[in-house]
Amino acid sequence: MRPEDWRNLGLTDEEFQLIVKTIGREPNHVELGMFSVMWSEHCSYKHSKAVLRTFPTEGERVLQGPGENAGIVGIGDGLAVCFKIESHNHPSAVEPYQGAATGLGGIIRDIFTMGARPIASLDSLRFGSLDDPRVRYLFSGVVSGIAGYGNCIGIPTVGGEVYFDPCYRGNPLVNVLCVGLLEVDKIKLGRASGVGNPVLLVGARTGRDGMHGASFASDELNETSEQKRPAVQVGDPFMEKLLLEACLELMNNHEVLGIQDLGAAGLTCALSEMASRGGTGLDIDLDKVPCREEGMTAYEILLSESQERMLMVVAPEQEAVVHEVFARWGLNAATIGRVTADGILRIRKDGEVVVELPAKSLTDGAPVYHPAAVKPAYLETSAVLDLKQIPDVTDANQVLLELLAAPNIASKEWVWRQYDYMVRTCTVEGPGSDAAVLRIRGSKKGLALTTDCNSRYVYLDPYTGAKIAVAEAARNLVCSGAEPLAVTDCLNFGNPDKPEIFWQFKEAAKGMSEACRALKTPVTGGNVSFYNESYGEAIYPTPVVGMVGLLEDVEKRCTQAFKTAGDYVVLLGETYDELGGSEYLATCHQLVKGLPPQLDLAKECAVQQTVLAAIRQGLLHSAHDLAEGGLAVALAECCFGNEIGAQIELQSQGLRLDSLLFGESQSRILVSVQAEHLPSLLQLAAENNVPTFTLGRTGGERLQIQVDGQPRIDLPIAEAKATWREAIQCFLK
Amino acid sequence: MLKAQIKVLLKKSVLDPQGQAVEKSLSSLGYHNINHVRIGKYLEVTLEETDRAAAEAQVREMCARLLTNPVIEDYTFELVEVEQ
Amino acid sequence: MLKAQIKVLLKKSVLDPQGQAVEKSLSSLGYHNINHVRIGKYLEVTLEETDRAAAEAQVREMCARLLTNPVIEDYTFELVEVEQ
Amino acid sequence: MKFGVVVFPGSNCDLDAYHMIQDVLQQPVEYLWHQEEKIAGFDCLILPGGFSYGDYLRCGAIARFSPVMKSVVDFARQGGLVIGICNGFQILVEAGLLPGALYRNTCLQFRCQDTYLKVENYDTPFTRAIPRERVLKIPIAHGEGNYYVDPETLQQLKKNGQIIFRYATAEGEVTPAANPNGSVENIAGVCNERKNVLGMMPHPERAGEPALGSADGKLIFTSILKYWEGCRS
Ligand SMILES: Nc1ncnc2c1ncn2[C@@H]1O[C@H](COP(=O)(O)OP(=O)(O)O)[C@@H](O)[C@H]1O
Ligand SMILES: [Mg+2]
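Residues numbered from 1 in each chain as written. Chains lettered and ligands numbered in written order. Predicted model: local features only at pLDDT ≥ 70, side-chain atom pairs only at ≥ 80, totals over all residues. Heavy atoms only, no water.

Draft legend 1. Seen up close, the domain arrangement of chain A. For chain A, the assigned domains are domain 1 (9-39 + 189-366) and domain 2 (558-733). Taken over C-alpha atoms, the centre of domain 1 of chain A sits 51 Å from the centre of domain 2 of chain A. (Domains from an automatic or database assignment.)

See the structure below:
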């Protein structure tokens, strides 16, 4: 082997030496290809592993933590929720439709491979500025890709988020989360067990598509990305629908000993992981793999990332039934080998052994790096924000309209109206409120789902920003009436070999861990996506938090929209002069500066507990967390749902007007409450030491806000709503 | 005027699920002599242009910029004269 | 073998929203000499058949039964020889 | 009254239709596999929504050749009640049981949203239990629901009272703005001349319970039940 051989595949000289040392000889060309994908960042987590170990992963409800295809938490009554988030950033940057579509397809397979019926998905998206035509192309392509795949397979896309910032121009983020439901005693794992048992490859035929997708995802985007385009696969949601139904039918009615989807690094990854987890070996004959194209080499078959395929191990007497079930669904099932006892992955082609490697050398043998971490220099200057240099708001009406039209705050209806969020008829709160809520058939319970991350905060202070992402996700669930259960996270960062980037990563992980511990929401799985850079510029560090919550009684759910006129509007939580990192500064002053709002986890817990208890006691008509755009934007959003206005009186108490109206202080929730329940709410808050401010009443057709007796905002709801609703659409006409 | 008749197909190595589904369906309709089906797009773009070379260059440019996705698609086209 | 190259377009009387949208995009990309755009489907069906007349009849039948919808679509096709 | 829900490869609203009949309407219901050639003992067949055969080539084009469709056609010819919802409507049109064609929405995007339907003919098995002047709030979810029919056939449909639903405003006004997909004359649902086969793009099975935001869709199924009970007595 020559150095180019491994270097071209993305392996360092040291890594090659480690391979030689591990297996006691030089790998052959096929084996080297397998190491290169399995030891890529995407599959081996070699840069992040050590940091990920610091996450809290245990809790009473956790049935499956990190390490399998998806995490699982119990929700009582013998039921469990299975969920996981995945990134498909790089493929989406070159082919937005197929990149996003296959991203969704991949995460759906991760869910049903655990034995769960996928019931919903969410998409968390980041793009550059909408005034750039290339960005609009990527944005609309990604959205229609998610729609195309999700709608066809019949899994509702019930929520998500979209942010726009120039830092994502060349490297958009496409993170997709899927949630499934299963019975606790039906959990399936990706392990190859039982010496002599057959190994079956089911679903689509294997083609030459997506070679080296895993390595592609572990590289920065630049001019040569164009040449790497064969890494893009085309998804076939129809095939996946059949695969999903066939696999679930099989798993529900027959014994399946182990099952694993084929994703990044294709057959190589599935074979080595299943053997490694099961402590077994596999003897595989590649001539048995159904191929789409003629003359495929061992290398190509092993590294192909053709979509819509699964690998499973069953007892010999079940083999016939697998073929029968798959035939009924019109699908291929091929027995490609057997489980062995020696822990070796032995792979044959044309009668010859072409690979002979310890399975664990591919999965656990990868090096674990502890990269250097250095605080980035930009933080010295970005932290400096002198509010005295910034004139306070004079025309608050105008600023509010400007913020409502800012793409980060404007309604994302243009996106979600393209998604079938209703199929399966369990979506009782679709997109448009703080969290989506699903009912569970045959039970009183419900699930609430959300994804969150304000990456501007994380950029300005990775530790605090990541803490806020977790807190905001939990707050969103609480506002819908759910108890937050657990987290799946997608950590999107730049190149970890740069000490500044790795510092961001470590700080963010620390913040997330702390918040997850305080809020009792363990991390059950997730995904790391590094190398999100284009032309040397990294994206803002973006640790997306996906969170699942439980409603014991789905009838007792809550949404953000005001429900009737005459209710009291109450703010829980305190407002400070905190404008750093705000949407207001970015939109109205073109400034991304200062420190993000501070987060006190004890206060956060108190506010959340208060609101959750109030919703459970039936005290509230609405609840909405304060996020981008602060109090004024939150009030407007509460008015929009049912087009009910509000008359609000605020006391500035020494705060700047812009801080008061548009600042983004954390741990605040805005609720509306019927007059008769007001005392109970105030008492509940007092018991939890949560400050409350009774701001006014709902009603009328306008949002009117007075500050210290002075009218500051007065807008007809219909007009403000139209501005907010049409802003994104206007860019895409 | 010139009309460009543009045929767009997925690259040979790219999965064509539509073509596969139709191939299967034709065979179950009893057409057993079908060897292969591929499905793509067909576009007709009429240009107010009389110069063939100029039209050809323009069509190529439009295909690269908007009409096709070179990542996964290939195209061919013909130019035919049409009346106003 | 013979390959049928089938072009399918919406009937002239049926509105072609996709064609219109592409026409608009082309013009906003600065192509002002575009007169008209229509978008349809392109199918390639390879037949294990050597007799042209038989192949032609079969393609017509397949188009009528499955490949096109005569309520809204028109089609034309050509047969070309291909290697095995 | 016994219902059958036909399951094609790629159907994905079969479960919702089943739930509507079993749990909301509380009538017996069974799934029918697309490969079944003989079907017997059903009083109404539902062709549910979804993406049969991935909607490849054209929506419904491949599904209409499924073995089960022969029986569906026979059942309809004998006067049996058939309702095709969304993809089911597309299949019925491709199969020639209903006139016209459905193609790409004029906005070129999939649309999932509530729509309001004006009932144009109450004298059908599918609409008789709907209170007069009631505008139905029922969602759509499709990318190809743009109904086309040539002008002569359109006249026929009007003459025969075959247009059943039109997209309208919440107040029941049929306006261009209320048309979500470009359908000719805002048509959302049509039936055959004999009025025993209905096709509609909106999803009544998604609007059967208040928890889902509307229970108006149930009226279509109670109409069917009422009609069937009327036939028996
Ligand atoms: N990409 C998307 N897909 C589906 N729904 C989305 C998407 N982006 C935003 N939404 C929905 O729009 C609503 C507002 O989103 P967002 O502003 O992120 O809410 P919040 O600030 O409460 O987290 C939510 O209900 C969310 O689920
Ligand atoms: Mg948010």
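What follows picks up the thread again.
Draft legend 2. Inspection of the interface of chain C and chain B at higher detail. On the side of chain B, 34 residues touch chain C, which itself brings 34 residues to the contact. When residues of chain C are sorted by the area they lose upon contact with chain B, C:Tyr31, C:Asn33 and C:Tyr42 head the list and together hold 21% of the total. Counting across the interface, chain C meets chain B through two salt bridges. A salt bridge links B:Arg38 to C:Glu44; the shortest N-O distance between them is 3.9 Å. (Contact = heavy atoms within 4.5 Å. Buried area = accessible area lost by both parts, 1.4 Å probe. Salt bridge = Lys/Arg side-chain N within 4 Å of Asp/Glu carboxyl O.)

Draft legend 3. Quick peek at the pattern of salt bridges. Residues and elements named next belong to chain A. Tallied over the entire structure, the rule returns 63 salt bridges over all chains. Across the salt bridge formed by Arg328 and Glu249, the nearest N and O atoms sit 3.8 Å from each other. In this pair, Arg328 sits in helix α13 (residues 319-328) while Glu249 sits in helix α10 (residues 237-253), placing the two residues 79 residues apart along the sequence. Judged by relative accessible area, which is 22%, Glu249 ranks as partly exposed. (Helix = DSSP H or I, 4+ residues; strand = E, 2+ residues; numbered from the N terminus. Buried < 20%, exposed > 50% of the residue type's maximum accessible area, 1.4 Å probe, protein only.)

Draft legend 4. Structural detail: the site of ligand 1. All names here are of chain A. Asp123, Gly432, Ser433, Asp434 and Asp452 are the nearest of the 17 residues found near ligand 1. At a separation of 2.5 Å, a nitrogen atom of ligand 1 approaches a polar side-chain atom of Asp123. Protein burial of ligand 1: of its 560 Å² of free accessible surface, 88% is covered by the chains. When residues of the shell around ligand 1 are traced back to their parent elements, those giving at least two are β5 (157-164), α17 (413-416) and α19 (462-479). Per-element tally for the shell around ligand 1: the top contributor is β5, with four residues. (Near = heavy atom within 4 Å. Polar contact = N/O pair within 3.5 Å; in protein donor to acceptor, adjacent residues only side chain to side chain. Areas by Shrake-Rupley, 256 points an atom, 1.4 Å probe, with all protein chains shown as cover.)

Draft legend 5. Fine view of the nonpolar core. If you look at the biggest cluster of nonpolar residues, it comprises 169 residues, and the most contacted ones within it are A:Met312, A:Phe326, C:Leu67 and D:Phe165. Not counting residues within four places of it along the chain, the set of residues in contact with A:Met312 comprises A:Pro198, A:Val199, A:Leu200, A:Val202, A:Cys247, A:Leu250, A:Val256, A:Gly258, A:Ile259, A:Val322 and A:Phe326. Counting residues in each nonpolar core, the second largest holds 67 residues, with A:Phe83, A:Leu177, A:Leu477 and A:Leu519 among its members. (Core = buried A, V, L, I, M, F, W, Y, C linked by side-chain atoms within 4.5 Å.)

Draft legend 6. Inspection of the relation of the copies chain C and chain B at higher detail. Expressed as a screw transformation, the operator carrying chain C onto chain B has a rotation angle of 180° and an axial translation of 0.0 Å, and the superposed copies differ by an RMSD of 0.2 Å. The two molecules are tied by a two-fold rotation axis, judged by turn and shift. Taken as a fraction of all interface residues of chain C, those also at the interface in chain B reach 100%, which identifies the copy contact as same-surface. (Least-squares fit on C-alpha atoms with pLDDT ≥ 70 in both.)

Draft legend 7. Looking closely at the interface of chain B and chain D. Each side of the interface is counted separately: chain B has seven residues, and chain D has four residues. Regarding the contact of chain B and chain D, the summed buried area is about 530 Å², with carbon and sulfur atoms giving 81% of it. Counting across the chain B and chain D interface gives zero salt bridges. Taken together, the links from chain B to chain D amount to one residue pair in polar contact (both at pLDDT 80 or more). Per-element tally for the side of chain B that touches chain D: the top contributor is helix α1 (residues 17-28) of chain B, with five residues. For the side of chain B that touches chain D, the per-class residue count stands at five nonpolar, two polar and no charged. (Nonpolar A, V, L, I, M, F, W, Y, C, P; charged D, E, K, R; others polar.)

Draft legend 8. Representation of the sheet that holds strand β2 (residues 71-76) of chain A within the structure. Residue and element names in this part refer to chain A. Across the sheet, six strands lie side by side as β1-β2-β3-β6-β4-β5; this open sheet has mixed pairing. Across the chains shown, the open sheet's two edge strands, defined by having one partner strand only, are β1 (62-64) and β5. Averaged over all neighbouring strand pairs, the angle between strand axes comes to 20°, with direction disregarded. In this structure, β2 lies alongside strand β3 (residues 79-87), joined through five bridges in antiparallel fashion. Residue pairing across strands places Gly76 opposite Leu79, the latter belonging to β3. Its contacts with the sheet put helix α7 (residues 96-112) on β3, β4 (117-127) and β6 (173-183), and the angle it makes with β6 is roughly 25°. Along the sheet, helix α8 (residues 133-153) contacts β4, β5 and β6; its crossing angle with β4, the most-contacted strand, is approximately 180°. (Pairing = 2+ DSSP bridges. Axes fitted to C-alpha atoms, helices over the stretch in contact; angles between N-to-C directions.)

Draft legend 9. Region of the structure containing the arrangement of the chains. The interface with the highest contact count, out of five pairs of chains in contact, is the one between chains B and C. The least C-alpha distance between chain A and chain C, which are not in contact, is 10 Å.

Draft legend 10. Up close: the sheet that holds strand β13 (residues 352-358) of chain A. All names here are of chain A. The strand order across the open sheet built from seven strands is β8-β10-β7-β11-β9-β12-β13, with neighbouring strands paired in mixed fashion. Lying at the two open borders of the sheet, with one neighbouring strand each, are β8 (258-261) and β13. Neighbour-to-neighbour, the strand axes of this sheet turn through a mean angle of 20°, independent of strand direction. Inspection of the sheet shows β8 paired to strand β10 (residues 309-313) by four bridges, in the antiparallel sense. In the strand pairing of β10, Asp261 is matched with Met310. Packing against the sheet, helix α3 (residues 29-38) makes contact with β12 (344-349) and β13, and its axis sits at approximately 40° to β13.

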